[in-house]
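# A look at the structure
Okay, here's what each chain looks like letter by letter:
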Amino acid sequence: ILLDGRDTRAYDSAHVPGAINVTMVRAAVGTRAAWVVDPKSEVVVTAETDDESRRLALLLEAVGFRRIAGLLAGGAPAWHEAALPLQSTAAIDVSELAARLRRGEVRLLDVRDPSEWEEGHVEGSRHLPYYDLGKGVPDDLRNGGKPLAVACSVGSRSSIAVSLLRRAGVDD
């Protein structure tokens, strides 16, 4: 499993297919990773620089990851220079999301914690905390007929969720 610790926008612009974004920009990167990846799994890490990749490995080790196989030297740019495919993920702002929802063009998945959802959410959105996607992707998220927009409060959890959805084959 490739864990990518870069900022969510850097990850969105270009990432290795199947990589899971657990940004180091926010606190608790190791904990978020452990919510969605079994710490017994063999992982490879990447980040903005090789030094940041090493730091990510240490943060993961601090929460029990013991099978860190190495780092992707040079990160996504090196992957691209080796003529290997990259993916990107579109990022839209709140006003664009609202417009697309009003036009019925997208479905909205809210990946915040239950307490945040209960405090308020967009009517008609689907709630599933990001960490539950580590257990698998429900069928209704695979077969919705419309593209899926994913949101949280800041962006780090939605990036993890999108990573997991794409890794599971949800490309819309």
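For the structure itself, consult the block above.
Described in the following lines is the structure provided in the data block. What you are looking at is a predicted structure, and each value in this text was computed from that prediction instead of being measured.

## Quick word on the sheet that holds strand β6 (residues 126–127)
- Sheet architecture is open: three strands sit in the order β6-β5-β7, paired in parallel fashion. Lying at the two open borders of the sheet, with one neighbouring strand each, are β6 and β7 (148–151).
- With two bridges connecting them, strand β5 (residues 107–110) and β6 associate as parallel partners. Looking at β6, one finds that Asp 110 is bridged to His 127.
- Those strands touched by helix α8 (residues 156–167) are β5 and β7, and its axis lies near 145 degrees from that of β7.

## Section: the side chain of His 15
- Turning to its location among the elements, His 15 is positioned in the loop between α1 (8–13) and β2 (20–21).
- Under the relative-accessibility criterion, His 15 is labelled buried at 1%.
- Within the structure, His 15 has its side chain in polar contact with the backbone oxygen of Tyr 11 (distance 2.7 Å).
- Excluding residues that lie within four positions of it along the chain, His 15 makes contacts with Asp 4, Arg 6, Leu 86, Gln 87, Ser 88, Thr 89 and Arg 166.

Cut-offs applied
Note on numbering: residues in each chain are counted from 1, in written sequence order. Per-residue local features of the predicted model are confined to residues with pLDDT of at least 70, and side-chain atom pairs are confined, for both listing and counting, to 80 or more; whole-chain, interface and lining totals are unaffected and use all residues. Side-chain numbers here rest on the full set of heavy atoms in the structure, without hydrogens or water. Any two strands with at least two DSSP-identified bridges between them are counted as paired. Each helix corresponds to a stretch of at least 4 residues labelled H or I by DSSP, and each strand to a stretch of at least 2 residues labelled E; elements are numbered beginning at the N terminus. Two residues form a contact once any of their heavy atoms are found within 4.5 Å. Under this scheme, a helix contributes an axis fitted over its contacting stretch, all axes are lines through C-alpha atoms, and angles between N-to-C directions fall in the 0 to 180 degree range. Between buried and exposed lies partly exposed: a residue is buried under 20% and exposed over 50% of the maximum accessible area for its type, with that area taken using a 1.4 Å probe on protein chains only. Two N or O atoms form a polar contact when they lie within 3.5 Å of each other; inside protein one atom must be a possible hydrogen donor and the other a possible acceptor, and for residues adjacent in sequence the pair counts only when both atoms belong to side chains.

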